[in-house]
Amino acid sequence: MTEKLTVSQRQRLVELDAQEDVLAKEFENSGQRDLFYKAIEIELAKKNKEKILSLLNEGHQPLSCEIENRLINWLTKEEGYSQVVTPIIISEAMLEKMTITSEHPLSNQVFWLDSKKCLRPMLAPNLYTLMRDLYKIAKQPVKIFEAGPCFRKETQGAQHMNEFTMLNMVELASVEEGKQMERLTQLAHSSMKAIGIEHYEIEITPSEVYGETLDIVVGDLELASGAYGPHVLDDKWGIFDTWVGIGFGIERIAMAMAEYKNIKRVGRSLSYIDGARLNV
Ligand code: ATP
Ligand code: MG
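No experiment lies behind these values; they were computed from the predicted model shown.

What counts, and where the lines are drawn
- Residues numbered from 1 in each chain as written.
- Chains lettered and ligands numbered in written order.
- Predicted model: local features only at pLDDT ≥ 70, side-chain atom pairs only at ≥ 80, totals over all residues.
- Heavy atoms only, no water.
- Pairing = 2+ DSSP bridges.
- Helix = DSSP H or I, 4+ residues; strand = E, 2+ residues; numbered from the N terminus.
- Contact = heavy atoms within 4.5 Å.
- Axes fitted to C-alpha atoms, helices over the stretch in contact; angles between N-to-C directions.
- Phe/Tyr/Trp six-rings, centres within 6.5 Å; stacked < 30°, edge-to-face > 60°.
- Buried < 20%, exposed > 50% of the residue type's maximum accessible area, 1.4 Å probe, protein only.
- Lys NZ or Arg CZ within 6 Å of the ring centre and 35° of its normal.

Caption draft 1: Local environment of the sheet that holds strand 11 (residues 243-249). Within the open sheet, the seven strands sit side by side as 3-6-7-11-10-9-8. Their pairing is mixed. On the outer flanks of this sheet lie strand 3 (82-83) and strand 8 (201-205), each paired with one strand and no other. As defined by bridge partners, strand 8 adjoins strand 9 (residues 213-218) across five bridges and the pair is classed as antiparallel. Opposite Ile202, over in strand 9, you have Ile216 as the bridge partner. The sheet strands contacting helix 4 (residues 63-78) are strand 3, strand 6 (142-151), strand 7 (163-172) and strand 11, and the helix crosses strand 7 at an angle near 10 degrees. Set on the sheet, helix 7 (residues 180-195) makes contact with strand 6, strand 7, strand 8, strand 9, strand 10 (221-229) and strand 11; between it and strand 11 the angle comes to about 30 degrees.

The structure is reproduced here in structure tokens:
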């Protein structure tokens, strides 16, 4: 007879970020199993504690915030982008203009505050509005980005959270027609370089309605999605020039860099801090 870790032992070790080979271990009897569990639990708790101390005494910033800062520095100091800060509470009308009406897959994922207002599931509506207004004033290419919380009701897998941080960058009238995918690809590579990620894939998907899209992926994890215009939605927003944009999931990037199996380690949390479990 072989014994495996009990459900609660397993759960505790997962919290402490045990590797797959530890979780899959088999034992001749429950006594051996419990001895192993005790030892590994102590070892992993110690590692988590060391990580917390290193944050408090040395790093002073969780990886997710550092990633956000690296992207912000790259955009503002190297790419001529300006940061914008827009409302987290948006109107139903804004969602409708994105065609997120009841038939759209995202519509079931929206957190409504009342019949007319919701928590933004994406930054695109606000950025569409601002880039149009700024373009009217400046009459020159407009490059803006926002980094902030977005909210989607998710069925809670290891890669999704109900609240997450998106950094969405967009540039309007910056490239000539036909050059959008080239620019998007260039931005995708530069962003990964700015963050310090070397191993990633770029996946380009043709879509009849939305034109080509570009995803940056690491294994089966999507870090970011990019798109470009002219786009079917542009008219509604008063946009008539080319644009390219990418939305990055900050916690997804942190998860990939730290090689965590669950995104919750790096999300907004009172149980984890910078990937380390607090009850150690
Ligand atoms: P997925 O297909 O993985 O659910 P998506 O394509 O719906 O993601 P996008 O709308 O492209 O997501 O959003 C841009 C980025 O935001 C994604 O590439 C991902 O990194 C991140 N993201 C989206 N939804 C979530 C979520 N629920 N939790 C954490 N990050 C998310
Ligand atoms: Mg996507």
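Caption draft 2: Highlighting the packing of aromatic side chains. By the definition in use, this model includes three aromatic pairs. Ring centres of Tyr128 and Trp237 lie 5.0 Å apart, and the angle between their planes is 0 degrees; this geometry places the pair in the stacked category. Taken together, the positions of Tyr128 in helix 6 (residues 124-138) and Trp237 in helix 8 (residues 234-237) put the pair 109 residues apart, joining distant regions of the chain. Here Tyr128 falls in the buried class, since its relative accessible area comes to 6%. Their ring planes at 75 degrees and their centres at 6.0 Å tell us that Tyr128 and Trp243 sit as a pair that is edge-to-face. With Tyr128 in helix 6 and Trp243 in strand 11, this pair connects stretches of sequence that are 115 residues apart. When sorted by exposure, Tyr128 lands in the same class as Trp243, which is buried. Grouping aromatic residues by their ring pairs yields a cluster made of Tyr128, Trp237 and Trp243. Taking NZ or CZ as reference, Lys153 lies 5.4 Å from the ring centre of Phe111, over its face.

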